[in-house]
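# Observations on chain architecture
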Amino acid sequence: MNKFEGKIAIMGGGSWATALAHLFLRNCDHILWYMRRDDRIAEFKTTRHNPAYLSDIEFPVDRITFSSDINYICREADAIVLVMPSPYFKAHTTKLTADISDKIIVSAVKGIVPGDNELVTDYMHRCFGVSHEKMLVVSGPTHAEEIALNRPSYLTVGCSDRELAKQFAGSLASPSLHTIISSDVEGIEYAGVLKNVYAIASGIVHGLKMGDNFLAMLVSNAVREMQRFIGTLYPDNSRNICDSVYLGDLLVTSYSRFSRNHNFGSMIGKGYSVTAARMEMEQTAEGYYGTNCIHEINNLWHVEMPILDCVYDILYRRKSPERAMRALASSLR
């Protein structure tokens, strides 16, 4: 598999951005890296570690061009890998004035643009004129923390241009990271949003101590709910909801101790208020925002989504987690 030969830019300084940068530097001589804080960049250059995330990874900083100037990084790059948390995505991209319409855009956001309720690829097409043929998505059951530990991991690269997807996948592949090619860009993006919503639900179940039997039932219903929603918005007979980028990512996000969305839900199940749980989280639980976005989108489509509705009632209507989950239990099949 040939690797992408252009200059790759990482946009974001969190754990997922750090893990992806670690992967790219195994295959690329040099990368560009946008971080918004100059003090973090200075510390990174001095210590050779990201001072805030995955700080056990040592980086060859001489092979990285850092900058807090988003326009400089985007002008210099051939491929721009978006890894900002979705709630802050627009705050970064509204500063972008450089022409990126001819660039390769890669979304690793696993979220939806709040307020606009748009997929990242649709937002980039509308606001920056990037053609859908030049946009890729990267997703799958892969926690940043396990990439840092070089544990076996799997990522799916989605693009309508299969050859471009293969080239970009070649820049990620390593003995511990395996890549899969897909053309289901929209399905992968929506799955990346929905699995965070369902991970919050699984966390609430864990916090309420409702048991493994009910959790298994919840997750098996969640994958069917995911299939109904994505299949309604983007019908595709070739999509297999059991593939790792859908079911696999749902499972790892619902069960893993590394899952911030599961941990967020668990706190709510244990009695934290939604506000207190959000304040307690050191990282963004994207499912909180994704729940509202998908709920608003589904007001137009009316797909049967009892798990989403339950999570929405708990997070936004302040319904009792225990009562909401008990009511949900009667509707699961």
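Residues numbered from 1 in each chain as written. Predicted model: local features only at pLDDT ≥ 70, side-chain atom pairs only at ≥ 80, totals over all residues. Heavy atoms only, no water.

## Brief notes about the sheet that holds strand 4 (residues 79–82)
- Read from one edge to the other, the open sheet built from eight strands follows the order 3-2-1-4-5-8-9-10, with strand pairing classed as mixed. Of all the strands in the sheet, just strand 3 (64–67) and strand 10 (177–182) have a single pairing partner and so form its edges. In this sheet, neighbouring strand axes are inclined to one another by 20 degrees on average, regardless of whether the strands run parallel or antiparallel.
- Here strand 8 (residues 135–139) runs beside strand 9 (residues 153–158); their pairing, made up of three bridges, is antiparallel. Within strand 9, the position partnered with Val137 by the bridge is Gly158.
- This element, helix 1 (residues 15–27), spans strand 1 (8–11), strand 2 (31–34), strand 3, strand 4, strand 9 and strand 10 of the sheet and lies at about 170 degrees to strand 2. (Pairing = 2+ DSSP bridges. Helix = DSSP H or I, 4+ residues; strand = E, 2+ residues; numbered from the N terminus. Axes fitted to C-alpha atoms, helices over the stretch in contact; angles between N-to-C directions. Contact = heavy atoms within 4.5 Å.)

## So, the pairing of strand 4
- On strand 4, burial covers both faces: Ala79 and Val81 on one face and Ile80 and Leu82 on the other are all buried.
- As paired strands, strand 1 and strand 4 are joined by four bridges and run parallel to one another. Its bridge partner being in strand 4, Ala9 is matched across the sheet by Ile80.
- With four bridges joining them, strand 4 and strand 5 (residues 104–107) adopt parallel strand pairing. Looking at the pairing, Ala79 lines up with Ile104 of strand 5. (Buried < 20%, exposed > 50% of the residue type's maximum accessible area, 1.4 Å probe, protein only.)

## Considering the packing of aromatic side chains
- For the structure shown, the criterion picks out 15 aromatic pairs.
- Ring centres of Trp33 and Phe66 lie 5.7 Å apart, and the angle between their planes is 25 degrees; this geometry places the pair in the stacked category. A residue pair is termed long-range when its members are at least 10 positions apart, and Trp33 in strand 2 and Phe66 in strand 3 qualify at 33 residues. You'll find Trp33 and Phe66 in the same group, each marked buried.
- Plain terms: the ring middles of Phe44 and Phe66 are 4.9 Å apart, the flat faces sit at 50 degrees to each other, and that makes the pair tilted. Taken together, the residues span a long stretch of sequence, with Phe44 in helix 2 (residues 38–47) and Phe66 in strand 3 at a distance of 22 residues.
- Counting every residue linked through ring pairs, the aromatic cluster contains Phe264, Tyr288, Tyr289, Tyr312 and Tyr316.
- Looking at Lys110, its charged tip hangs above the ring of Trp16, at a distance of 5.5 Å from the centre. (Phe/Tyr/Trp six-rings, centres within 6.5 Å; stacked < 30°, edge-to-face > 60°. Lys NZ or Arg CZ within 6 Å of the ring centre and 35° of its normal.)

Interpretation note: all reported values are geometric properties and have no functional meaning in isolation.
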